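# Commentary on secondary and tertiary structure
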Amino acid sequence: MNKIFLGVNIDHIATLRQARGTTYPDPVHAAAVAELNGADGITVHLREDRRHIQDRDVRVLKETIQTRMNLEMAVTAEMLDIACEIKPEFVCLVPEKREELTTEGGLDVLGQQDKITQAVKRLSEAGILVSLFIDADKEQIDAAVASGAPYIEVHTGAYADAESEGEQQAELKKIAAGVSYAHNAGLKVNAGHGLHYHNVQPIAAIPEIYELNIGHAIIARAAFDGLGKAVKDMQVIMQEARNNS
Ligand SMILES: CC(=O)[C@@H](O)[C@H](O)COP(=O)(O)O
Ligand SMILES: NCC(=O)COP(=O)(O)O
């Protein structure tokens, strides 16, 4: 069986907490529930504006996560210092804008080759596996290889946001071609953003994808079904799609 892994992004548990300035719901509890229900890893995005995940969450989660922590962050001096101090198993470097609702587009590795290569070097020397959150674009994939990062995460946002069947199929084709190109170039390939219970199947069926990171849809489903069931249901859907591919 070609297993596909699920990293559960728990940012939006923190969004709910921050909405009221309470101490609950706690992402630390969410990580434990997700893991007890089969999550293969836990993803958190420490945004520069701290709109959801807080520094305290990253520190406590590093001590409590039983699987592996994937810390998403912008390529800034502040974030690099935090990562090198906390040492999550994975860091995924992402583009970030203060005013965006969510991550728009992939990281421009090609346009900032030296900066990204230096960041990858520093994180790798701290023992962290680095992933680059990029679009499925050959030039960006080549730049990712040149940076020395062992992983990429392909941004599936354009696929998820497609407004017609034709547009969605075109995005899927781009993603499948990019994943295959990156895999052949020696990268481990993850994917994520905007995936949910009704659009994840064709992405999960791409055989070279190692892991999907999914957050918003799982946390939203958890409000109705509970987080444990929401995680398990997503895993079943992903693995069935992979097995039938
Ligand atoms: C980088 C990425 O795709 C996700 O982690 C996303 O950023 C989740 O956080 P937001 O919903 O705050 O964008
Ligand atoms: N990197 C993508 C991620 O972690 C989850 O994104 P989303 O499912 O919340 O859109």
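See the structure shown above.
Counting of residues starts from 1 at the beginning of each chain's written sequence and follows it residue by residue. For this description, chains carry letters from A and ligands carry numbers from 1, given in the order in which they are written. Owing to the predicted nature of the model, reporting of local features is limited to residues with pLDDT of at least 70; listing and counting of side-chain atom pairs is limited to 80 or more, with chain, interface and lining totals taken over all residues. Hydrogens and water molecules were not included; the side-chain quantities draw on all heavy atoms of the structure.

## Describing the nonpolar core
Inclusion rule: We define the nonpolar core as a collection of buried residues of types Ala, Val, Leu, Ile, Met, Phe, Trp, Tyr and Cys that are connected through side-chain atoms lying within 4.5 Å of one another. Type-normalised accessible area, obtained with a 1.4 Å probe on protein chains alone, sets the label of each residue: buried when under 20%, exposed when over 50%, and partly exposed for intermediate values. What makes two residues a contact is simply this: any of their non-hydrogen atoms within 4.5 Å.
Counting 75 residues, the largest nonpolar core has Leu93, Leu123, Leu132, Ile152, Leu212 and Ile218 as its most contacted members. The contact partners of leucine 123, leaving out residues within four places of it in the chain, are Met73, Leu80, Ala83, Cys84, Val91, Leu93, Ile128 and Val130.

## Overview of helix α4 (residues 77-86)
Spelled out, the test is: Here a strand is any run of E in DSSP of at least two residues, a helix any run of H or I of at least four, and the numbering for each starts at the N terminus.
Considered for burial, the residues of α4 that qualify are Met79, Leu80, Ile82, Ala83, Cys84 and Ile86. The elements touched by buried residues of α4 are α3 (55-64), β3 (69-73), β4 (90-93) and α5 (113-125).

## Here's the deal with the site of ligand 1
Note the following rule: We call a residue near a molecule or strand whenever a single non-hydrogen atom of that residue lies within 4 Å of it. Under this definition, polar contacts are N or O atom pairs within 3.5 Å; protein pairs additionally need one hydrogen-donor-capable and one acceptor-capable atom, and for neighbouring residues in sequence, both atoms have to be side-chain atoms. A cavity here means a set of 1 Å grid points, computed over protein atoms only, where a 1.4 Å probe fits but cannot escape. A pocket is an open set with protein on both sides within 12 Å along at least 5 of 7 lines, and lining residues have an atom within 4 Å of a point. Should more than half of a molecule's atoms lie within 2 Å of a pocket's or cavity's grid points, that molecule is taken to sit in it. When residues are sorted by character, Ala, Val, Leu, Ile, Met, Phe, Trp, Tyr, Cys and Pro go into the nonpolar class, Asp, Glu, Lys and Arg into the charged class, and all the rest, Gly among them, into the polar class.
Asn9, Asp11, His12, His45, Arg47, His52, Glu72, Val94, Thr102, Thr103, Phe133 and His193 make up every residue found near ligand 1. Between arginine 47 and ligand 1, the recorded distance is 2.8 Å, taken from a side-chain N or O atom to an oxygen atom. The contact in question runs from an oxygen atom of ligand 1 to an N or O atom on the side chain of histidine 193, over 2.6 Å. Counting atoms within 2 Å of the grid points, the majority share of ligand 1 lands in the largest pocket. Residues belonging to the shell around ligand 1 are distributed by class as follows: two nonpolar, seven polar and three charged.

## Points about the sheet that holds strand β5 (residues 129-134)
Strand pairing in a sheet takes place through backbone hydrogen bonds and is either antiparallel or parallel in direction. The line we're drawing: Strand pairing is assigned whenever DSSP identifies at least 2 bridges connecting the two strands. Fitted lines through C-alpha atoms give the axes, limited to the stretch in contact for helices. The angle between two N-to-C directions lies from 0 to 180 degrees.
If you walk around this closed barrel you meet the eight strands as β1-β2-β3-β4-β5-β6-β7-β8, and the pairing is parallel. Averaged over neighbouring strand pairs, the angle between their axes works out to 25° when direction is ignored. Strands in contact with helix α11 (residues 227-243) are β1 (5-9) and β8 (209-214); relative to β1, the strand with the most contacts, it is inclined by about 145°.

These values are about where atoms sit, not about what they do.
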